[in-house]
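The lines below spell out each chain.
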Amino acid sequence: MLKIAEFHEPNRKLVGRTVWHYDHVESTNETAKELLEEDLEEGLVLWADRQAAGRGRQGRAWASPLGGLYFSVILRPKETHAWILGLLAGMPVVKALRHFGVFAGLKYPNDAVYQDRKIAGILSEGVYRRDIYHVIIGIGVNTNVDLDRLPPDVQATATTLKREVNLFVANDEFLDYLLNQIDDLYSRYRNTRIEFLIKDYRGQCTTIGKRVTATTSKGAVTGRAYDIAPNGALIIMDDANAKHEFVEGSLKVVP
Ligand code: BTN
(Lines give C-alpha, C1' and ligand atoms only; values in the text may rest on other atoms or scores of the structure.)
Protein backbone atom coordinates (compact mmCIF):
# COMPACT_ATOMS: atom_id res chain seq x y z
CA MET A 1 0.00 0.00 0.00
CA LEU A 2 1.69 3.17 -1.17
CA LYS A 3 0.20 6.63 -1.01
CA ILE A 4 1.42 8.46 -4.07
CA ALA A 5 -0.36 11.81 -3.89
CA GLU A 6 -2.79 14.01 -2.01
CA PHE A 7 -5.15 16.50 -3.67
CA HIS A 8 -7.19 19.34 -2.24
CA GLU A 9 -10.33 20.86 -3.67
CA PRO A 10 -11.41 23.55 -1.19
CA ASN A 11 -14.36 24.61 -3.35
CA ARG A 12 -16.22 21.43 -2.49
CA LYS A 13 -18.62 21.54 0.43
CA LEU A 14 -17.62 18.28 2.09
CA VAL A 15 -17.08 15.30 -0.18
CA GLY A 16 -13.70 15.21 -1.88
CA ARG A 17 -12.14 18.28 -0.30
CA THR A 18 -9.20 15.94 0.25
CA VAL A 19 -8.30 12.94 -1.89
CA TRP A 20 -5.56 10.46 -1.03
CA HIS A 21 -4.28 8.57 -4.04
CA TYR A 22 -2.72 5.12 -3.62
CA ASP A 23 -1.08 2.97 -6.27
CA HIS A 24 -2.57 -0.23 -4.87
CA VAL A 25 -4.45 -1.41 -1.80
CA GLU A 26 -6.32 -4.55 -0.84
CA SER A 27 -9.65 -2.71 -0.91
CA THR A 28 -10.29 1.02 -0.48
CA ASN A 29 -13.25 0.20 1.82
CA GLU A 30 -10.93 -1.81 4.07
CA THR A 31 -8.27 0.93 4.03
CA ALA A 32 -10.97 3.41 5.02
CA LYS A 33 -12.01 1.22 7.96
CA GLU A 34 -8.43 0.89 9.16
CA LEU A 35 -7.92 4.64 8.98
CA LEU A 36 -11.08 5.36 10.96
CA GLU A 37 -9.04 4.87 14.14
CA GLU A 38 -7.45 8.20 13.32
CA ASP A 39 -9.20 11.55 13.29
CA LEU A 40 -10.15 11.93 9.66
CA GLU A 41 -12.07 14.75 8.06
CA GLU A 42 -15.53 13.87 6.85
CA GLY A 43 -15.66 13.54 3.08
CA LEU A 44 -12.12 12.19 2.74
CA VAL A 45 -11.69 10.12 -0.42
CA LEU A 46 -9.33 7.17 -0.77
CA TRP A 47 -8.60 6.37 -4.39
CA ALA A 48 -6.51 3.44 -5.66
CA ASP A 49 -5.25 2.50 -9.12
CA ARG A 50 -5.60 -1.19 -8.34
CA GLN A 51 -7.09 -3.38 -5.64
CA ALA A 52 -5.76 -6.81 -4.78
CA ALA A 53 -8.97 -7.82 -2.99
CA GLY A 54 -11.75 -5.53 -4.23
CA ARG A 55 -15.09 -6.42 -2.71
CA GLY A 56 -18.61 -6.28 -4.11
CA ARG A 57 -22.04 -6.62 -2.58
CA GLN A 58 -23.22 -9.93 -1.13
CA GLY A 59 -19.71 -11.21 -0.53
CA ARG A 60 -18.76 -11.10 -4.19
CA ALA A 61 -15.34 -10.01 -5.44
CA TRP A 62 -14.87 -6.85 -7.51
CA ALA A 63 -12.20 -7.33 -10.16
CA SER A 64 -9.95 -4.28 -9.94
CA PRO A 65 -7.31 -4.30 -12.69
CA LEU A 66 -5.22 -1.26 -13.56
CA GLY A 67 -7.24 1.22 -15.62
CA GLY A 68 -10.46 1.10 -13.59
CA LEU A 69 -11.55 3.65 -11.01
CA TYR A 70 -11.77 2.47 -7.38
CA PHE A 71 -12.45 4.75 -4.46
CA SER A 72 -14.21 5.12 -1.11
CA VAL A 73 -15.73 8.16 0.55
CA ILE A 74 -15.85 8.44 4.35
CA LEU A 75 -19.02 10.07 5.70
CA ARG A 76 -20.41 10.65 9.18
CA PRO A 77 -24.16 11.14 8.70
CA LYS A 78 -26.29 11.90 11.74
CA GLU A 79 -28.46 8.87 11.16
CA THR A 80 -27.61 5.25 10.47
CA HIS A 81 -28.19 5.59 6.76
CA ALA A 82 -25.44 3.52 5.15
CA TRP A 83 -27.84 1.63 2.99
CA ILE A 84 -29.90 4.64 1.85
CA LEU A 85 -26.75 6.63 1.06
CA GLY A 86 -25.46 3.71 -0.98
CA LEU A 87 -28.76 3.61 -2.87
CA LEU A 88 -28.73 7.37 -3.56
CA ALA A 89 -25.06 7.31 -4.63
CA GLY A 90 -26.16 5.43 -7.77
CA MET A 91 -27.55 8.73 -9.11
CA PRO A 92 -24.26 10.67 -9.32
CA VAL A 93 -22.51 7.61 -10.79
CA VAL A 94 -25.06 7.36 -13.60
CA LYS A 95 -24.86 11.12 -14.13
CA ALA A 96 -21.08 10.99 -14.50
CA LEU A 97 -21.25 8.10 -16.96
CA ARG A 98 -23.76 10.02 -19.08
CA HIS A 99 -21.60 13.12 -18.91
CA PHE A 100 -18.72 11.14 -20.38
CA GLY A 101 -20.82 9.55 -23.11
CA VAL A 102 -22.28 6.30 -21.77
CA PHE A 103 -26.06 6.57 -21.55
CA ALA A 104 -26.22 4.31 -18.50
CA GLY A 105 -29.32 3.38 -16.53
CA LEU A 106 -29.70 2.83 -12.80
CA LYS A 107 -30.54 -0.76 -11.95
CA TYR A 108 -31.91 -1.31 -8.48
CA PRO A 109 -30.36 -0.87 -5.99
CA ASN A 110 -27.30 0.94 -7.32
CA ASP A 111 -25.71 -0.69 -10.35
CA ALA A 112 -24.95 1.45 -13.37
CA VAL A 113 -25.80 -0.57 -16.46
CA TYR A 114 -25.54 0.05 -20.17
CA GLN A 115 -27.50 -2.22 -22.52
CA ASP A 116 -27.96 -4.70 -19.66
CA ARG A 117 -24.23 -4.79 -18.95
CA LYS A 118 -22.89 -3.58 -15.64
CA ILE A 119 -20.34 -0.78 -15.78
CA ALA A 120 -20.17 0.40 -12.15
CA GLY A 121 -21.10 -0.84 -8.69
CA ILE A 122 -21.36 0.53 -5.16
CA LEU A 123 -20.66 -1.09 -1.81
CA SER A 124 -21.71 1.05 1.14
CA GLU A 125 -20.95 -0.02 4.68
CA GLY A 126 -21.92 1.44 8.06
CA VAL A 127 -19.38 1.09 10.87
CA TYR A 128 -19.05 2.39 14.41
CA ARG A 129 -15.69 3.65 15.69
CA ARG A 130 -15.49 5.07 19.19
CA ASP A 131 -19.32 5.32 19.24
CA ILE A 132 -19.37 7.43 16.08
CA TYR A 133 -21.29 6.09 13.13
CA HIS A 134 -19.44 6.22 9.81
CA VAL A 135 -20.54 5.34 6.32
CA ILE A 136 -18.04 4.16 3.77
CA ILE A 137 -19.26 4.42 0.22
CA GLY A 138 -17.07 2.37 -2.10
CA ILE A 139 -17.47 2.92 -5.82
CA GLY A 140 -15.94 0.93 -8.66
CA VAL A 141 -16.24 2.06 -12.28
CA ASN A 142 -14.96 0.09 -15.26
CA THR A 143 -13.38 3.07 -16.96
CA ASN A 144 -10.19 2.38 -18.93
CA VAL A 145 -10.33 -1.37 -18.82
CA ASP A 146 -10.53 -3.85 -21.68
CA LEU A 147 -13.36 -6.30 -21.21
CA ASP A 148 -10.95 -9.26 -21.47
CA ARG A 149 -9.13 -8.01 -18.38
CA LEU A 150 -12.26 -8.77 -16.32
CA PRO A 151 -12.94 -12.30 -15.02
CA PRO A 152 -14.39 -14.64 -17.68
CA ASP A 153 -17.58 -15.19 -15.67
CA VAL A 154 -18.53 -11.51 -15.74
CA GLN A 155 -17.49 -10.69 -19.30
CA ALA A 156 -20.90 -11.52 -20.77
CA THR A 157 -22.69 -9.19 -18.36
CA ALA A 158 -20.17 -6.36 -17.91
CA THR A 159 -18.92 -3.50 -19.98
CA THR A 160 -16.41 -0.65 -19.69
CA LEU A 161 -16.26 3.01 -20.60
CA LYS A 162 -13.34 2.27 -22.92
CA ARG A 163 -15.47 -0.22 -24.81
CA GLU A 164 -18.48 2.07 -25.21
CA VAL A 165 -16.87 5.46 -25.86
CA ASN A 166 -14.28 6.38 -28.46
CA LEU A 167 -12.90 9.30 -26.51
CA PHE A 168 -10.27 8.61 -23.85
CA VAL A 169 -11.42 9.73 -20.40
CA ALA A 170 -8.71 9.94 -17.73
CA ASN A 171 -9.62 8.55 -14.31
CA ASP A 172 -8.73 11.78 -12.51
CA GLU A 173 -11.10 13.69 -14.76
CA PHE A 174 -13.92 11.20 -14.22
CA LEU A 175 -13.30 11.19 -10.46
CA ASP A 176 -13.27 14.99 -10.31
CA TYR A 177 -16.66 15.22 -12.00
CA LEU A 178 -18.15 12.37 -9.97
CA LEU A 179 -16.95 13.82 -6.64
CA ASN A 180 -18.61 17.14 -7.47
CA GLN A 181 -21.86 15.26 -8.02
CA ILE A 182 -21.55 13.23 -4.82
CA ASP A 183 -20.72 16.41 -2.91
CA ASP A 184 -23.94 18.02 -4.20
CA LEU A 185 -25.96 14.93 -3.40
CA TYR A 186 -24.62 14.73 0.15
CA SER A 187 -25.38 18.36 0.80
CA ARG A 188 -28.95 17.78 -0.41
CA TYR A 189 -29.11 14.71 1.81
CA ARG A 190 -28.14 16.84 4.81
CA ASN A 191 -30.48 19.71 3.99
CA THR A 192 -33.62 18.22 2.50
CA ARG A 193 -36.05 15.55 3.43
CA ILE A 194 -35.09 12.05 2.48
CA GLU A 195 -38.47 11.50 0.75
CA PHE A 196 -37.50 14.05 -1.89
CA LEU A 197 -34.30 12.22 -2.64
CA ILE A 198 -36.09 8.88 -2.76
CA LYS A 199 -38.51 10.43 -5.26
CA ASP A 200 -35.61 11.57 -7.43
CA TYR A 201 -34.16 8.11 -7.15
CA ARG A 202 -37.46 6.57 -8.20
CA GLY A 203 -37.53 8.78 -11.29
CA GLN A 204 -34.06 7.63 -12.29
CA CYS A 205 -34.33 3.93 -11.46
CA THR A 206 -34.68 2.16 -14.81
CA THR A 207 -35.79 -1.07 -13.11
CA ILE A 208 -39.24 0.39 -12.38
CA GLY A 209 -41.83 -1.03 -14.77
CA LYS A 210 -39.68 -4.01 -15.75
CA ARG A 211 -40.34 -7.63 -15.02
CA VAL A 212 -37.86 -8.92 -12.47
CA THR A 213 -36.96 -11.93 -10.40
CA ALA A 214 -35.71 -11.10 -6.92
CA THR A 215 -33.92 -13.81 -4.99
CA THR A 216 -33.36 -13.48 -1.25
CA SER A 217 -32.69 -15.88 1.59
CA LYS A 218 -36.47 -16.32 1.82
CA GLY A 219 -36.84 -17.47 -1.79
CA ALA A 220 -37.58 -15.99 -5.19
CA VAL A 221 -40.31 -13.60 -6.32
CA THR A 222 -41.10 -12.76 -9.94
CA GLY A 223 -43.25 -9.83 -10.93
CA ARG A 224 -43.24 -6.22 -12.02
CA ALA A 225 -40.94 -3.72 -10.32
CA TYR A 226 -43.64 -1.32 -9.26
CA ASP A 227 -42.33 1.41 -6.98
CA ILE A 228 -39.70 2.49 -4.47
CA ALA A 229 -41.00 2.49 -0.89
CA PRO A 230 -40.21 5.46 1.40
CA ASN A 231 -37.54 3.29 3.06
CA GLY A 232 -35.84 2.68 -0.29
CA ALA A 233 -37.09 -0.88 -0.77
CA LEU A 234 -38.15 -2.00 -4.25
CA ILE A 235 -41.82 -2.95 -4.35
CA ILE A 236 -42.52 -5.87 -6.63
CA MET A 237 -46.05 -6.76 -7.67
CA ASP A 238 -46.28 -10.48 -8.36
CA ASP A 239 -48.62 -12.11 -10.88
CA ALA A 240 -51.33 -12.50 -8.21
CA ASN A 241 -51.11 -8.73 -7.53
CA ALA A 242 -49.47 -9.23 -4.15
CA LYS A 243 -46.81 -6.70 -3.20
CA HIS A 244 -43.38 -7.69 -1.95
CA GLU A 245 -40.64 -5.45 -0.59
CA PHE A 246 -37.15 -6.26 -1.78
CA VAL A 247 -34.03 -4.76 -0.25
CA GLU A 248 -31.06 -7.07 -0.50
CA GLY A 249 -30.36 -10.14 -2.55
CA SER A 250 -29.95 -10.62 -6.27
CA LEU A 251 -32.20 -9.00 -8.82
CA LYS A 252 -32.55 -10.07 -12.44
CA VAL A 253 -34.50 -8.36 -15.16
CA VAL A 254 -36.42 -11.09 -17.00
CA PRO A 255 -38.18 -11.06 -20.38
C1 BTN B 1 -21.01 -4.30 -6.39
O2 BTN B 1 -21.62 -3.93 -7.38
O3 BTN B 1 -21.05 -5.47 -6.01
C4 BTN B 1 -20.22 -3.27 -5.60
C5 BTN B 1 -18.82 -3.06 -6.13
C6 BTN B 1 -18.06 -2.03 -5.32
C7 BTN B 1 -16.61 -1.93 -5.74
C8 BTN B 1 -15.89 -0.79 -5.06
S9 BTN B 1 -14.28 -0.49 -5.74
C10 BTN B 1 -13.90 0.59 -4.44
C11 BTN B 1 -14.48 -0.02 -3.17
N12 BTN B 1 -13.54 -0.95 -2.57
C13 BTN B 1 -14.00 -2.22 -2.61
O14 BTN B 1 -13.38 -3.21 -2.19
N15 BTN B 1 -15.21 -2.25 -3.18
C16 BTN B 1 -15.67 -0.92 -3.56
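Anyway, here's the lowdown on the structure attached to this text. Quantities reported herein were computed from a predicted structural model and do not represent experimental measurements. (Residues numbered from 1 in each chain as written. Predicted model: local features only at pLDDT ≥ 70, side-chain atom pairs only at ≥ 80, totals over all residues. Heavy atoms only, no water.)

**Section: the site of the ligand**
- In the vicinity of the ligand there are 20 residues, among which Ser27, Gln51, Arg55, Arg57 and Lys118 approach most closely.
- Within the side chain of serine 27, one N or O atom sits 2.8 Å away from an oxygen atom of the ligand.
- In the environment of the ligand, an oxygen atom lies 2.6 Å from a nitrogen or oxygen atom belonging to the side chain of lysine 118.
- Look at the ligand: alone it shows 410 Å² of surface, and the protein chains cover 99% of it.
- Every element with two or more residues in the shell around the ligand is listed here: helix H1 (28–35), strand S4 (69–75), strand S7 (117–129) and strand S8 (132–141).
- Of the residues belonging to the shell around the ligand, the class tally is 5 nonpolar, 10 polar and 5 charged. (Near = heavy atom within 4 Å. Polar contact = N/O pair within 3.5 Å; in protein donor to acceptor, adjacent residues only side chain to side chain. Areas by Shrake-Rupley, 256 points an atom, 1.4 Å probe, with all protein chains shown as cover. Helix = DSSP H or I, 4+ residues; strand = E, 2+ residues; numbered from the N terminus. Nonpolar A, V, L, I, M, F, W, Y, C, P; charged D, E, K, R; others polar.)

**Considering the nonpolar core**
- Residues Phe71, Leu97, Tyr108, Ile139, Phe174, Tyr201 and Leu234 are the most contacted members of the largest nonpolar core, which totals 60 residues.
- Examining the composition of this core, we find that 9 residues originate from one element, helix H6 (residues 171–191), more than from any other.
- Non-local contacts of tyrosine 201, meaning those with residues more than four positions away in its chain, are made with Leu87, Leu88, Met91, Leu106, Tyr108, Pro109 and Ile228.
- In this structure, Trp20, Tyr22, Val25 and Leu36 belong to the second largest nonpolar core, which totals 13 residues. (Core = buried A, V, L, I, M, F, W, Y, C linked by side-chain atoms within 4.5 Å. Buried < 20%, exposed > 50% of the residue type's maximum accessible area, 1.4 Å probe, protein only. Contact = heavy atoms within 4.5 Å.)

**Section: the packing of aromatic side chains**
- Considering all chains together, one arrives at 7 aromatic pairs under this definition.
- Measuring from ring centre to ring centre gives 5.6 Å for tyrosine 186 and tyrosine 189, while their planes differ by 10 degrees; the resulting arrangement is stacked. Taken as a pair, tyrosine 186 and tyrosine 189 lie in helix H6 at a separation of 3 residues, close to a single helical turn. Here tyrosine 186 and tyrosine 189 have matching classes, each one buried. (Phe/Tyr/Trp six-rings, centres within 6.5 Å; stacked < 30°, edge-to-face > 60°.)

**Details of helix H7 (residues 194–204)**
- Those residues of H7 not exposed but buried are Leu197, Ile198 and Tyr201. Down the axis of H7, the smallest arc covering the buried residues is 100 degrees, so these residues share one side. Of the exposed residues in H7, those oriented more than 90 degrees away from the buried face are Lys199 and Gly203.
- Where H7 is buried, its residues contact helix H2 (82–88), helix H3 (90–99), strand S5 (105–107), H6 and strand S10 (219–228). (Arc of directions from axis to C-beta.)

**Remarks on the pattern of salt bridges**
- For the structure on display, the rule yields 18 salt bridges.
- Between arginine 12 and aspartate 176 there is a salt bridge, and its shortest N-O distance comes to 2.7 Å. Of this pair, arginine 12 sits in the loop between strand S1 (3–8) and strand S2 (18–25) while aspartate 176 sits in helix H6, placing them 164 residues apart in sequence.
- When its relative accessible area of 35% is taken as the criterion, aspartate 176 is described as partly exposed.
- Here arginine 57 ties to aspartate 111 by a salt bridge, and the two come within 3.0 Å at their closest N and O atoms. One end of the pair, arginine 57, is in the loop between strand S3 (45–51) and S4; the other, aspartate 111, is in strand S6 (residues 111–114), and 54 residues separate them in sequence.
- Judged by relative accessible area, which is 11%, arginine 57 ranks as buried. (Salt bridge = Lys/Arg side-chain N within 4 Å of Asp/Glu carboxyl O.)

**Focus on the sheet that holds strand S13 (residues 250–253)**
- Taken together, the 5 strands give an open sheet; going across it, the order is S12-S11-S10-S9-S13, and neighbouring strands pair in antiparallel fashion. The sheet is open, and its two edges are formed by strand S12 (243–246) and S13, each paired on a single side. Mean inter-strand twist for the sheet, computed between neighbouring axes without regard to direction, equals 45 degrees.
- Pairing between strand S11 (residues 234–238) and S12: 4 bridges, direction antiparallel. Bridge pairing links leucine 234 to phenylalanine 246 in S12. (Pairing = 2+ DSSP bridges. Axes fitted to C-alpha atoms, helices over the stretch in contact; angles between N-to-C directions.)

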